[in-house]
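# Tertiary structure, described
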Amino acid sequence: MSVLLESDTDASLQSHLDELTLRTTILFISVCLMSLMWYTTIDSTLATLMNHLQPCSQACLNIYEPAQWSVVRWMASLLLGIFSCLPLLLYQMHQFAKPGLLPSEFNALRRWTWSSVLFTIVLASLLVLEVFPMIYAKGHANHLAVGLEAQYSAVELLLILLSTLWILLIFLIAWSSIVVLGIMGMLHQETSDLWRFRIYGVGSMLLILSIPEQMQSAILPVLVLFWLGGEGVGMQWFSKQMDTYGRAAPRFDAEGRRRKIAIVDCSCSGANDHYGIPPIHGYSTVRTHSICLNKEDRNAVIGHLI
């Protein structure tokens, strides 16, 4: 027998897989189409961007490697396509996750993802419009101070900028994954090492492989920032004790029917002196704080039954 919330519907695993395939395909096609659309105007877009990034008043940018310029154009088109499809990505993710989440979990997921995307867009705009022009201007001033002639590679200027935005996107995806896993109850003290290995491992590999040769000296600081940021974001879940623990072993009742027994360990808003019972072999236990007064606690018990 399935235990469902009032708004739930019973669906097979295959239907979920079909839905995931459909939503992933829609997102992939959308990113490809948006990237192609950006590619049609990428030359004028990059020209405007280079005029903004150019540190000197006169023309001092050159293209020394035409082949690399094609790589930059495609990379810029792909990044712009991904950023353009972020709202669609969030919509598809929310619609797919909503049936499997409690209302509080879904609201928390929606708030976090939207705030993370808005923060990333604001930070990326700040980097492009303010931070990198200031860094390039300071470097140009240092070159003039030592008597060097100002001749810069347009490919390297753009490659460093695009690589920084790509690193920012990897940070967003990895740190958001930690939050989503924590909200869904999959990340806690017992599973923290496993998820650290998966998220930090895949993220570190992507960072090492995608950082260009011009930024190789920044690999270690970027990785340290990636790990420390992940620890800061997931601090509350990496050390969280499980509210649900133990495995209920099947047992037979007086009529010979198979039963699984769960214990609800409720503190009764602090009035229960016996709260915090140790695990009992053969029983599963779910901890709540005030099941009579708190709707979230009641949903947690239903979620445990499911």
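That block above? That's the structure.
Being a predicted model, the structure only gives us computed values, none of them experimental.

Calculation criteria
Residues numbered from 1 in each chain as written. Predicted model: local features only at pLDDT ≥ 70, side-chain atom pairs only at ≥ 80, totals over all residues. Heavy atoms only, no water. Salt bridge = Lys/Arg side-chain N within 4 Å of Asp/Glu carboxyl O. Helix = DSSP H or I, 4+ residues; strand = E, 2+ residues; numbered from the N terminus. Buried < 20%, exposed > 50% of the residue type's maximum accessible area, 1.4 Å probe, protein only. Pairing = 2+ DSSP bridges. Expected span 1.5 Å × (residues − 1). Arc of directions from axis to C-beta. Contact = heavy atoms within 4.5 Å.

## Overview of the pattern of salt bridges
A side chain of one charge can pair with a side chain of the opposite charge when the charged atoms of the two come close. With the rule as written, the count across this model stands at 8 salt bridges. With a shortest N-O distance of 3.3 Å, Arg196 and Asp193 are connected by a salt bridge. With Arg196 and Asp193 both in helix H7 (residues 192-210) and 3 residues apart, the pair spans about one turn of that helix. Between Asp265 and Arg287 there is a salt bridge, with the nearest N and O atoms lying 3.7 Å from each other. With Asp265 in strand S6 (residues 262-266) and Arg287 in strand S7 (residues 284-288), the pair connects residues that are 22 residues apart, well separated along the chain. For Arg287, a relative accessible area of 24% gives the class partly exposed.

## Points about the pairing of S7
Burial runs high along S7: 4 of the 5 residues are buried. Taken together, the 5 bridges between S6 and S7 define a ladder with parallel strand orientation. By the bridge assignment, Val264 is partnered in S7 with Val286.

## Observations regarding unusual backbone geometry
Backbone geometry at Cys268 places phi at a positive 55 degrees, although glycine is not the residue there. Overall, the relative accessible area of 42% leaves Cys268 in the partly exposed class. A positive phi angle, near 55 degrees, is found at Ser269, a position not held by glycine. Inspection of the secondary structure assignment puts Ser269 in the loop between S6 and S7.

## Re H7
Taking 1.5 Å per residue as the helical rise, H7 with its 19 residues ought to reach 27 Å, and the 26 Å between its terminal C-alpha atoms agrees with that figure. When H7 is considered as a whole, its buried residues turn out to be Ser192, Trp195, Ile199, Tyr200, Gly203, Ser204 and Leu207. Buried positions in H7, seen along its axis, are confined to an arc of 135 degrees and lie on one side of it. In this structure, H7 carries Asp193, Phe197 and Leu209 as exposed residues pointing more than 90 degrees from its buried face. Next to the buried residues of H7 lie helix H6 (154-183), helix H8 (219-233) and helix H9 (235-238).

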